[in-house]
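Fold and geometry: a report
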Amino acid sequence: MNNIELIAPCHFGLEAVLKREIQDLGYEIAKVEDGRVTFFSDLGGIARANMFLRTAERILLKVGAFRASTFEQLFDRTAELAWEDFIPEDGKFWVKKASTAKSKLYSAPDIQSIVKKAMVERLKKRYRVSWFPETGNEYPVRVFILKDEVTVSLDTSGTPLHKRGYRTLTSEAPIRETLAAALIMLTPWKKDRILVDPFCGSGTFLIEAAMMGAGIAPGMNRSFEAEAWTNFLPKKTWYDAADEAGDLMDLDISMDLQGYDKDSRVLKLARENAAAAEVDHLIHFQQREVKDFSHPKPYGFIITNPPYGERLEEKEALPELYGQIGDIFQKMDTWSKYVITSYEDAQKYIGKAAKVRKVYNGMIRAEFCQYLGPKPPRR
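What counts, and where the lines are drawn
- Residues numbered from 1 in each chain as written.
- Predicted model: local features only at pLDDT ≥ 70, side-chain atom pairs only at ≥ 80, totals over all residues.
- Heavy atoms only, no water.
- Pairing = 2+ DSSP bridges.
- Helix = DSSP H or I, 4+ residues; strand = E, 2+ residues; numbered from the N terminus.
- Right-handed = clockwise from strand over helix to strand, strands pointing away.
- Axes fitted to C-alpha atoms, helices over the stretch in contact; angles between N-to-C directions.
- Phe/Tyr/Trp six-rings, centres within 6.5 Å; stacked < 30°, edge-to-face > 60°.
- Buried < 20%, exposed > 50% of the residue type's maximum accessible area, 1.4 Å probe, protein only.
- Lys NZ or Arg CZ within 6 Å of the ring centre and 35° of its normal.
- 1 Å grid on protein atoms, 1.4 Å probe; cavity = no way out; pocket = protein on both sides within 12 Å on 5 of 7 lines; lining within 4 Å.
- Points joined across faces, edges and corners; volume = space filled by probe spheres on them.
- Nonpolar A, V, L, I, M, F, W, Y, C, P; charged D, E, K, R; others polar.
- Core = buried A, V, L, I, M, F, W, Y, C linked by side-chain atoms within 4.5 Å.
- Contact = heavy atoms within 4.5 Å.
- Salt bridge = Lys/Arg side-chain N within 4 Å of Asp/Glu carboxyl O.

The name recorded for the protein in an unreviewed UniProt entry is Class I SAM-dependent RNA methyltransferase, from Anaerostipes hominis.

This is the structure:
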């Protein structure tokens, strides 16, 4: 069982970034699909992928894949899978999530129920028991069906990987850590360059950049579901991954990372988050409105996620705000500037002074730069 396939879901449009990360870890890509990358690995890859991948949402251990257009086929093919290789007799197992698209089987609750029943029948025969106490470690199952092709997997991460462990406190509508990391990777920014976020909020962009620069693995300060799966996954795999992460870390590095926000309460959260991530010494936070922003250095990077107005009164203020952003960006014409927003008129006010990435229902699309994902739906 040392030759396995792992599935790493990600934000739609960022598959290429995740693919490069996986290849940098030394693994061979099996398949790239919308919102997920599958790759070949050994058992040690479960720990390393969870520990090091910055842009994956979770790591799934592929148990099997097959075609099913009826519930009978779904039951039979699921029961053929070698569940006993992964789940011990006292294991607690359930189908945590079932999702389906363009398939004859579309009822998620029914899919969950039938897959669970098939697993029970398989394990009853293998363990020669009539019922399971399910008092042991948890083994959450995920089922994905696309065009009648079923993929069944075990969720090795548990808590989603965007939860690094440092952000216990957040501002309103914070950007996910995985998305922030991916957007930084899409730019030419390097750790020796200046990086500024004039709408830093809880500090996610800057903290992720600091962790990259200091070589801090995103999974260093959290636990994973599969750490308890010692029936087939030795503890040593996790110790080895942690040792590797420790060897790569360099907290003595010097970086120029600056975060600004008009809200002092939000800046307090950002400082606390940075301290929890052990990078507070690398980031300078200061209270400042965007209209007052300037910088003496001729070159640097701005990566930011400005407000985009969820309430009516906020939306009415957006033209003025984005106009101010545009004015600042025009003055800093030698800087590289990147904006992610769901405000539809952002480019109108910012102009071509920055590369704007718009988000539509979770999909990311770049304007005036590299195309990153599926075409957004018509509105």
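Some details on the pairing of strand β10 (residues 283–287)
Direction of pairing for strand β9 (residues 257–261) relative to β10: parallel, over a ladder of five bridges. Bridge pairing links D261 to Q287 in β10. Following the backbone out of β9, through helix α8 (residues 264–276) and into the adjacent parallel β10, one traces a crossover that is right-handed.

So, the sheet that holds strand β7 (residues 149–155)
Two orientations exist for strands paired in a sheet by backbone hydrogen bonds: parallel and antiparallel. Spatially, seven strands are ordered β2-β3-β1-β4-β7-β6-β5 in an open sheet, and the strand pairing comes out mixed. What marks the edges here is a single partner per strand, and that holds for β2 (29–33) and β5 (92–101). This sheet shows a mean twist of 30° between the axes of neighbouring strands, independent of strand direction. Pairing of strand β1 (residues 4–9) with strand β3 (residues 36–41) involves six bridges; the strand directions are antiparallel. Considered in β3, the bridge of A8 is made with V37.

Focus on the packing of aromatic side chains
Under the criterion given, the structure shown has 11 aromatic pairs. Centre to centre, the rings of F93 and F132 are 6.0 Å apart; their planes meet at 75°, and the pair counts as edge-to-face. Separated by 39 residues along the polypeptide, F93 in strand β5 and F132 in the loop between α4 (108–127) and β6 (138–146) bring together distant segments of the chain. Across the pair, F132 and F93 agree in class, each one buried. Measuring from centroid to centroid gives 4.8 Å for Y322 and Y343, while their planes differ by 50°, and the two rings are tilted. You can see Y322 sitting in helix α9 (residues 312–331) and its partner Y343 sitting in the loop between β12 (336–341) and α10 (346–350), a full 21 residues away along the chain. Classification of Y343 by relative accessible area gives buried; the value is 11%. Geometry around F144 places R36 over its ring, the cationic atom sitting 4.1 Å from the centre.

Focus on the layout of surface pockets
Taken as a whole, the second largest pocket encloses approximately 850 Å³ of empty space. Around the second largest pocket, the lining is made up of 29 residues, and of these P9, F12, G35, R36 and F144 lie nearest the centre. Elements represented by at least two residues in the lining of the second largest pocket include exactly β1, β5, β6 and β7. Considering only residue class, the lining of the second largest pocket consists of 10 nonpolar, nine polar and 10 charged.

Thoughts on the nonpolar core
In terms of nonpolar packing, the biggest core is built from 57 residues, with I22, I46, L74, W83, V143 and L154 touching the most fellow members. The element best represented in this core is α4, accounting for six residues. Setting aside residues up to four positions removed in sequence, I46 forms contacts with I4, L6, S41, L61, T156, A226, L233 and W238. If you look at the next biggest cluster of nonpolar residues, it comprises 36 residues, including I175, L186, A210 and A270.

A word on unusual backbone geometry
With a phi close to 55°, K147 is a non-glycine residue in the positive phi region. For K147, the location among the structural elements is in the loop between β6 and β7. Of note, the phi angle at D148 is positive, near 70°, even though the residue is not glycine. Following the sequence through the fold, D148 ends up in the loop between β6 and β7.

Let's talk about the pattern of salt bridges
Here the structure, examined in full by the defined rule, presents 21 salt bridges. Two residues, D148 and K104, come together in a salt bridge whose shortest N-O distance is 3.4 Å. Of the two residues, D148 sits in the loop between β6 and β7 while K104 sits in the loop between β5 and α4, which places them 44 residues apart along the sequence. Taking the relative accessible area as the measure of exposure, K104 reaches 57% and is therefore exposed. K236 is the salt-bridge partner of D240, the closest N and O atoms lying 2.8 Å from each other. You can see D240 and its partner K236 sitting in helix α7 (residues 235–248), four residues apart, about one turn around the helix. Take D240: its relative accessible area is 38%, and that puts it in the partly exposed class.

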